[in-house]
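Read off the chains here:
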Amino acid sequence: MLGIAFQTLRARWVSFLGTVVALVLGVAQVAAMGVLLMTMLDLPDRPAERFARADAVVLPTDPDWDPAHHDLGVRSLPEAEGVSRDLLDRVAATGETVVDRAFYAQLRGGPKNQVGHPWGVARFGGYELTSGRQPSGDGQIVVPSDQARTGDKVTVMTAAGVLAYTVSGTVAPVDWENAVFFGDAEAARISPRIQALVALGPIDQVRAAVGKDAEVLTGRDRHEADASKAEDRETLDNTITLVPVMASVAGTTSVFVVASTFAFAVIQRRREVALLRTVGATPKQVRRMVRGEALLVGTLASALGTALGLYGAQLLTDMLIDLDISPPWFRVRPSLHWTVTAPLAGAFLVGVLVALCGAAAAAHRAGRVRPVEALREAAVDDSGMTPGRLLLGAIGVGAGVGLAAWIAVGKPATILSPNTYVTELLVPVLAAAVIAPLAIGPLARLLMWPFRNFAGPTAMLVRESVLTSRRRTAATAAPILLTVGLALSLLAATDSLGAARDHGLRNQVASQYALAPDGTPGISSEVVDRVKRIDGVQIAAPLLTTVYTRDEDRYDENDGMVVDTSALKSTMDLTITQGSLDRLDDNSFAAPDLWGWDAGTTQKILLGDGEEATLKVAAVYKAMRGEDVAYLPERFAPSAAYARDGLARRAYITLEPGTDRAAATAAIDRAVRDSGARFLTRDELVASESAYARHLIEVRQRSTAVIVVLFCFIAILNTLLMATADRRRDLAVLRLAGATPKQVLRFFVAESLLVAAIGVVLALLASAVNIAALWAALLQLFGTTPIVAPWLVVVGIAAVSALLAVVGTVLPVTAALRSRIVQLVGARE
């Protein structure tokens, strides 16, 4: 039977072309995503950069600290505290030792990621003066030659303030950092924290002096002390977060479409299978033949798909780099390494298995019927719902509704986790595709009801054609259902969550005005002090720090905000569940309810600068996961320069009653001019914050939606071409009945539009389940918020889907109409 299968493929290659195309594209998606994910598991070793010429680097670390298990920007306690004076003295006793400090220092108009260092460590990164001389006083700096020239007077923004310096010299720029070099004493004044030490003494003596208090890095390990290490981790974390979501959604969609397409291709050939049964073929032989065809098609298409997938992985990598999600050095290259061969082999096997599974159900069903029944079945389609499909559909519907209820009531915070939530959006849409044949009849009658009184037989013929071919209709409507359903669900989730966050931030901020960074990563304390000195102005500028609490033999890390507690009440509208903000003083703090601490209790905390404090919980407020921070008194401000960069991410401003608004706002505007901060209204702040917060979520979900929609667009065109090309007999019957070519074309176009409409309606029904769960979850998390979706985009996607359905119908019908009627009939006999 394998020989017959091969001959069948040769004779009917056009009928299998659509299946091959769908399978090639599906395997290519799986292969591309797989290669990208596996490459993440075996990243190349990055060379040392800032300390490439250093013998050894002493870096305070926690041996049990795994950065992958902590939020970005959070340091372990030893790393936050930096090198202690005792450790510095011990290492210095072994030989020459150079102190390294790293802190925020940005030339006005310079890049946001500029960093300050003492000049003493410049030589270890290969920096050499190209002009001028090294900084010899507190008012001198050295900068890259593309930033300024020797002798220039420049303004440098630091966490300590906005300061004026003279450029004493320049160095050649490098591609791994934007550095500003200060004299050693000036660097120590700006940043007391010692980042690391360069030890030039004997390595064995250095290791003995350090002991277990820090790590001694040599060779490639010196890259651990580079700032690019943290930047790489952030971008790679973004990639690791995005790619599995894209892979799960795109992979599931492609596998579903490919399996449906192959099963549909086999169903189209029921007449041939029936004839084989009539001439004596046994059910076992029929099933073997169909499996042989599936094996041949699956092998060929999977081989082509894996090759295309390797190229697609490179394109996907380039896209992620262009979106600033992946680091520039991250590349996928063809090789025989296991990170490339393993996912390609897996994608190949997936393609073959999908082809076999897609054909198995239809082959088993065709092999079971008697010859006469098979011939009768070839003439009239059935409901399309086999017992297995009915069971799978029931499970899918139950799972979809159950997941929606679980998100709406039991776990609303799920919508804040893209990795989990995006995959759960798939379930109702796929379930709708499985049970589609059950809905064909009611939807066809409903959608055709407005046309019941139209003159001519076209409306009646279209309705009856769809009703008598429910399996074919369901197969052709499925890609449209997936396209519109997934696009609407993903985009509605993205936009609604963004709108809800905006609503929550707007309600939380009670101040009329605010300061936001202007081309800088934050606002310095000096700028805040300028505004605070203006009469009638209250300002709260929370400094981000880290609060460490001991949990048995380890430390838990949480975000803290150091803020003027007297201004907190007037600028922030926190929902207090216990205690009162009026009780805040220098020995108390406000904690989020998620931490499980009660008002009135005392808690022992550690700060990044090594300070240990026992504070009272004055108030507990309601917070969402990811926005839970402790509000600490201003006396802990120095810890922010250790745990983070010592900059405020925003500042909230309120005018006291009776203050001249025009005069106060003008004074604020003058105070922050050219300081790296800009003066905003509350609504402008909310818009700015929401744009920043939504960027990565939108990239994740919109990138996934684009990949799914593009694949489904191809699947729509492919499936309609397959379905229409196989209906030459229907076309011949219409021509023999007297229909003109124009009427025939009108009939097929009307039928394709009805199929598209059925797919869109099913998509809306499936999306309604997702949107209802989303609305209920948002209600619990943010209060009353509207469901927002890019309806014009969704309508455009639906319109393009319908257009592709028409194109997939018109092309084969137009080609067939060029043939004589006898040829049309003979093509199916």
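What you see is a predicted model, and the numbers here were worked out from it, not measured in a lab. (Residues numbered from 1 in each chain as written. Predicted model: local features only at pLDDT ≥ 70, side-chain atom pairs only at ≥ 80, totals over all residues. Heavy atoms only, no water.)

Caption draft 1: Main features of the overall build of the chain. Looking only at helices and strands, the chain has 25 helices and 22 strands in total. Out of the 829 residues belonging to the chain, those deemed buried represent 51%. Surface exposure of the chain reaches about 35900 Å², of which carbon and sulfur atoms provide 58%. (Helix = DSSP H or I, 4+ residues; strand = E, 2+ residues; numbered from the N terminus. Buried < 20%, exposed > 50% of the residue type's maximum accessible area, 1.4 Å probe, protein only. Areas by Shrake-Rupley, 256 points an atom, 1.4 Å probe, with all protein chains shown as cover.)

Caption draft 2: Region of interest: the side chain of T317. Considering the arrangement of structural elements, one finds T317 in helix α9 (residues 283-322). Looking at T317, its side chain comes within polar contact range of the main-chain oxygen of A313, at 2.8 Å. The residues contacting T317, other than those within four sequence positions of it, are L36, F330, R331 and V332. (Polar contact = N/O pair within 3.5 Å; in protein donor to acceptor, adjacent residues only side chain to side chain. Contact = heavy atoms within 4.5 Å.)

Caption draft 3: Region of the structure containing the pairing of strand β12 (residues 513-517). For β12, a buried count of 4 out of 5 residues is recorded, marking the element as mostly surrounded by other parts of the structure. With 3 bridges joining them, β12 and strand β21 (residues 651-655) adopt antiparallel strand pairing. Counted as the bridge partner of Y513 is I653 from β21. Note: β12 against strand β22 (residues 677-681), 5 bridges, orientation antiparallel. When the bridges of β22 are listed, P517 appears paired with A677. (Pairing = 2+ DSSP bridges.)

Caption draft 4: Region of the structure containing helix α14 (residues 436-448). The end-to-end C-alpha distance of α14, which contains 13 residues, comes to 17 Å, matching closely the 18 Å that a straight helix rising 1.5 Å per residue would cover. Along α14, the sharpest kink reaches roughly 30°, centred on P442. By the burial criterion, the buried members of α14 are A436, P437, A439, I440, G441, L443, A444 and M448. (Expected span 1.5 Å × (residues − 1). Bend = angle between axes of the 7 residues up to and from the residue.)

Caption draft 5: Highlighting the side chain of T549. By the element assignment, T549 lies in strand β14 (residues 543-551). Under the relative-accessibility criterion, T549 is labelled buried at 11%. If we ignore the near neighbours within four places in the chain, the residues touching T549 are R554, Y555, D556, W597, K604 and I605.

Caption draft 6: Looking closely at the packing of aromatic side chains. Within this structure, the stated rule accounts for 10 aromatic pairs. On the numbers, 5.5 Å between centres and 90° between planes, the contact of W119 with F181 is edge-to-face. Here W119 is found in the loop between β4 (115-118) and β5 (129-132), whereas its partner F181 is found in strand β9 (residues 179-182), with 62 residues between them in sequence. Classification of W119 by relative accessible area gives buried; the value is 15%. Ring plane angle 90° and centroid distance 5.9 Å describe the contact between F589 and W597, whose orientation is recorded as edge-to-face. W597 matches F589 in its accessibility class, with the two residues each being buried. Put simply, the rings of W119, Y127, W176 and F181 touch in pairs and so form one group of aromatic residues. (Phe/Tyr/Trp six-rings, centres within 6.5 Å; stacked < 30°, edge-to-face > 60°.)

Caption draft 7: Spotlight on the sheet that holds strand β10 (residues 196-199). Spatial ordering of the open sheet is given by β2-β10-β1-β11, a layout of 4 strands whose pairing is antiparallel. Both outer strands of the open sheet, β2 (97-100) and β11 (215-217), are each paired with one neighbouring strand and no more. Averaged over all pairs of adjacent strands, the angle between their axes in this sheet comes to 25°, without regard to strand direction. The strands touched by helix α6 (residues 203-210) are β1 (56-59), β10 and β11; relative to β11, the strand with the most contacts, the crossing angle is about 160°. (Axes fitted to C-alpha atoms, helices over the stretch in contact; angles between N-to-C directions.)

Caption draft 8: Fine view of the packing of α14 against helix α15 (residues 458-467). Interaxial distance between α14 and α15 falls to 9 Å at its minimum, and their mutual angle equals 170°. Relative to α15, α14 is oriented roughly antiparallel. On α15, the residues that touch I440, G441, A444, R445 and M448 of α14 are A459, V462, R463, V466 and L467. Tallied by class, the residues present in the contact of α14 with α15 amount to 7 nonpolar, 1 polar and 2 charged. (Parallel < 35°, antiparallel > 145°, perpendicular 65-115°, else oblique. Nonpolar A, V, L, I, M, F, W, Y, C, P; charged D, E, K, R; others polar.)

Caption draft 9: Region of the structure containing unusual backbone geometry. Despite not being glycine, D674 shows a phi value in the positive range, around 60°. For D674, the position within the fold is in the loop between α20 (661-672) and β22.

Caption draft 10: A nonpolar patch on the surface, seen in detail. Taken together, the side chains of L308, Y311 and L315 make up a nonpolar region of the molecular surface, amounting to roughly 300 Å² of accessible area. Residue placement: Y311 occurs in helix α9. (Patch = residues over 30% accessible without salt bridge, like charges linked within 9 Å, V, L, I, M, F, W, Y side chains within 5 Å. Salt bridge = Lys/Arg side-chain N within 4 Å of Asp/Glu carboxyl O.)

Caption draft 11: Representation of the sheet that holds β12 in the model. Strand order across the open sheet formed by 4 strands is β13-β21-β12-β22, with antiparallel pairing between neighbours. Each edge of the sheet is formed by a strand with only one pairing partner; in this case those strands are β13 (537-540) and β22. Direction aside, neighbouring strands of the sheet carry axes that sit 25° apart on average. Of the strands in this sheet, β12, β13, β21 and β22 are in contact with helix α17 (residues 525-532), which crosses β13 at around 155°. Taken strand by strand, α20 contacts β12, β13, β21 and β22, and its axis lies near 155° from that of β22.

Caption draft 12: A look at a negative patch on the surface. On the surface, D42, D45, E215 and D221 cluster together into a patch of negative charge. Along the chain, the position of D42 falls in the loop between α2 (13-40) and β1. (Lys, Arg positive; Asp, Glu negative; His and termini not counted. Charge placed at Lys NZ, Arg CZ, Asp CG, Glu CD.)

Caption draft 13: Summary view of the pattern of salt bridges. In total, this model carries 15 salt bridges according to the counting rule given. We note a salt bridge from D86 to R90, for which the minimum N-O separation is 3.1 Å. On the criterion of helical spacing, the pair formed by D86 and R90 is a turn pair, its members being 4 residues apart in helix α4 (residues 85-92). Note on D86: relative accessible area 47%, which makes it partly exposed. Given a relative accessible area of 27%, R90 falls into the partly exposed group. The residue E96 makes a salt bridge to R123 at a minimum N-O spacing of 2.8 Å. Of the two residues, E96 is situated in the loop between α4 and β2 and R123 in the loop between β4 and β5; the sequence distance between them amounts to 27 residues. A relative accessible area of 46% places E96 in the partly exposed class. Through salt bridges with shared partners, one network takes in D86, R90 and D213.

Caption draft 14: Main features of the environment of A52. With respect to the helices and strands, A52 occurs in the loop between α2 and β1. Relative accessible area serves as the criterion here: at 36%, A52 is assigned to the partly exposed category. Along the backbone, A52 and G125 are 73 residues apart, and their C-alpha atoms lie at a distance of 5.7 Å.

Caption draft 15: Representation of the environment of D628 in the model. In this structure, D628 sits in the loop between β19 (612-621) and β20 (630-632). Classification of D628 as buried rests on a relative accessible area of 10%. Separated by 34 residues in the primary sequence, D628 and L594 place their C-alpha atoms 7.1 Å from one another. A distance of 3.0 Å separates the side chain of D628 from the side chain of W595, its partner in a polar contact.

Caption draft 16: Representation of the environment of P790. Position of P790 relative to the elements: it lies in the loop between α23 (741-782) and α24 (791-817). Not counting the four nearest positions on each side in its chain, P790 is found in contact with L491, A492 and D495.

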